[in-house]
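# Chain and residue survey
Each chain, written out:
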Amino acid sequence: MLRIGSHQVPTRTLLLVGVDASAIVLASVAAIAFRLPGAMPGILSNGLVWAKIALVTGVCWLCLYFNDLYDFRVVRRRANLLVRILQALGAGCVVLAFTYFLLPEASFGRGTALIAMPLLLLLLVSWRLSADTTKLLASGDERVLIIGTGDAGISLVRHILGHPEYNMKVVGFLDEQGQDIGKSLVNPRIIGATSEVEEVVARERVDRLVLSLKERRGGTPVRQLLGLKLAGIGIEDVHSCFERLSGRITLEHLSPSWLILSDGFRKSPILLGAKRGIDIVVSSLILVLVSPLLPVIALAIYMETGRPIFFRQVRVGHKGSQFDLLKFRSMAQDAEKNGPRWATHQDSRITRVGRILRKTRLDELPQLFNVLRGEMSLVGPRPERPHFCTILEERIPFFNLRHSVRPGLTGWAQVRFRYGASIDDAKEKLELDLFYIKNLSLTVDFAILFETAKVVLLGRGAH
């Protein structure tokens, strides 16, 4: 099981990636063999040929990824699967055609491509349908028992029931006092007392125990749990389980002691130094690449609504410091004449040019200068305005923890959550931000940047 922080990437996803990549290589080699059968041995011993195959494999795999073909919630329906494979291969053909136009020496020739793409379509569709028919990618449900009847455990079970892709089956709850056996809390019932945990585990063939006791002091069956742990049964706290599954740290029922005692939240000077170095290099590179676009955006804003071109707004950054965040102006000049308020997805204050800039995220480009100045990072919690920070600190516990790292141009909350414009939305985004802060690493940063590129290029929101 691959992890991003403590968020798991299923083994079946890795299997899909490996087989898809193998299919792309096989289709490329088969097309070369069909086109030039006599020259095959010499061609395949040529390093340049394998470099060309690697290019095709990389482009096609990225197109499969960008079309959500590794998201099991998206590709359950076979018709949807076929459409997305066709879209992915179509996009791959366009990208490769453009690449070959710029670098003709990277091409195999049109004849080879005309053979390879239909063959690849056949391989991908047949392999995916065969895997679905034979249940090759289906894993047996992990049988989970909730120890205790705390509210956090009930919330966790509701979450599991709403996500069948987790392949988890909750067999029931154990009551602390053993007085409400048979009572239904969600869908699974209370099936025993916590003191009977060993018997219930054996009877229900339980794979994992999740602790959600209303009161742990004197109510935790320590001796029995230790024996089950040594017998190979997985045991974890309800908050850790929710974090592992959802990629967020739920604030509901969260205690300061869990934050203090849990793994994570460690930020070594080496990690922070490497993160800062990547910020500088990547921001500089992006600014060089988009530099021809900046005057075009500025001219479009000026022609529609005049000056100013840039929008400056005070935001709260690392350790509560304040700085001026830069953006291309996407709203009317008098957007806040009635005082500050959250921007919404279909905000009437947004100009026509501004809607295009926001949809493509181009309005965020000037923030690369904030990154270079050290006020922001490429990845981190999005910075909030002091006015809203004051409100949110009063209403949301642990909100100040998001200021323990530099705010980001993008973040885990941005790729996992919709456009937020309320206290409840801010609470959910904080849960995602806390997950990021707890699991801060370069691996997580690169995963977020990769997902951000997918969101921006395809014009999608988070899902």
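How two helices sit against one another is set out by the angle between their axes and by the gap between those axes. Look at helix H6 (residues 151-161) against helix H9 (residues 238-246): their axes get within 10 Å of each other, and the N-to-C directions meet at 20 degrees. By the angle between their directions, the pair H6 and H9 is classed as roughly parallel. H9 is crossed by H6, and the crossing has left-handed handedness. Across from Ala 152, Gly 153, Leu 156, His 159 and Ile 160 in H6, the residues of H9 making contact are Val 238, His 239, Cys 241, Phe 242, Leu 245 and Ser 246. Here the contact of H6 with H9 is composed, by residue class, of 7 nonpolar, 4 polar and no charged.

Another point: the pattern of salt bridges. Considering all chains together, one arrives at 16 salt bridges under this definition. Residue Arg 208 pairs with Glu 236 through a salt bridge whose shortest N-O separation is 3.2 Å. Of the two residues, Arg 208 is situated in strand E6 (residues 208-211) and Glu 236 in strand E7 (residues 234-237); the sequence distance between them amounts to 28 residues. Here Asp 363 makes a salt bridge to Lys 327, at a shortest N to O gap of 3.5 Å. One end of the pair, Asp 363, is in the loop between helix H13 (352-360) and helix H14 (367-372); the other, Lys 327, is in strand E9 (residues 322-328), and 36 residues separate them in sequence. Neither Asp 363 nor Lys 327 differs from the other in exposure class; each is buried. One connected set of salt bridges, linked through shared partners, spans Glu 142, Arg 208, Glu 236 and Arg 244.

So, on to the sheet that holds strand E5 (residues 190-193). Reading across the sheet, the 5 strands line up as E5-E4-E3-E6-E7 and stay open at both edges, with parallel pairing between neighbours. Looking at the sheet topology across the chains shown, the edges are occupied by E5 and E7. Each strand axis lies, on average, 30 degrees off the axis of its neighbour in the sheet, ignoring direction. Of the strand pairs in this sheet, E6 and E7 are connected by 4 bridges, and their pairing is parallel. When the bridges of E7 are listed, Leu 209 appears paired with Ile 235. Here H9 sits on the sheet in contact with strand E4 (168-175), E6 and E7, set at roughly 100 degrees to E7.

Quick look at helix H8 (residues 222-230) now. Buried within H8 are the following residues: Gln 224, Leu 225 and Leu 228. Buried residues along H8 cover an arc of 95 degrees about the axis, so they all sit on one side. Exposed side chains of H8 directed beyond 90 degrees from the buried face belong to Val 222, Arg 223, Leu 226 and Leu 230. Here the buried face of H8 lies against helix H7 (197-204), E6 and E7. Just beyond H8, the residue with positive phi is Gly 232, at close to 100 degrees.

Turning next to the packing of helix H12 (residues 294-305) against H13. Packing of H12 against H13 leaves a shortest axis separation of 9 Å and a crossing angle of 150 degrees. When the axis of H12 is compared with that of H13, the two are roughly antiparallel. Note on element contacts: H13 touches H12 through Arg 352, Val 353 and Leu 357, opposite Ile 297, Ala 300, Ile 301 and Glu 304.

Our next topic: the nonpolar core. In this structure, Ile 301, Phe 328, Ile 396, Trp 412, Tyr 436 and Ile 448 are the most contacted members of the largest nonpolar core, which totals 42 residues. Top contributing element to this core by residue count: helix H17 (residues 423-438), with 7 residues. Excluding its chain neighbours within four sequence positions, the residues that come into contact with Ile 448 are Val 379, Thr 410, Gly 411, Trp 412, Val 415 and Tyr 436. Ranked by size, the runner-up nonpolar core spans 26 residues in total, among them Val 59, Leu 69, Ala 106 and Met 117.

Here is what the cut-offs are and how they apply
- Residues numbered from 1 in each chain as written.
- Predicted model: local features only at pLDDT ≥ 70, side-chain atom pairs only at ≥ 80, totals over all residues.
- Heavy atoms only, no water.
- Axes fitted to C-alpha atoms, helices over the stretch in contact; angles between N-to-C directions.
- Helix = DSSP H or I, 4+ residues; strand = E, 2+ residues; numbered from the N terminus.
- Parallel < 35°, antiparallel > 145°, perpendicular 65-115°, else oblique.
- Left-handed = near helix turned anticlockwise from the far one by under 90°.
- Contact = heavy atoms within 4.5 Å.
- Nonpolar A, V, L, I, M, F, W, Y, C, P; charged D, E, K, R; others polar.
- Salt bridge = Lys/Arg side-chain N within 4 Å of Asp/Glu carboxyl O.
- Buried < 20%, exposed > 50% of the residue type's maximum accessible area, 1.4 Å probe, protein only.
- Pairing = 2+ DSSP bridges.
- Arc of directions from axis to C-beta.
- Core = buried A, V, L, I, M, F, W, Y, C linked by side-chain atoms within 4.5 Å.

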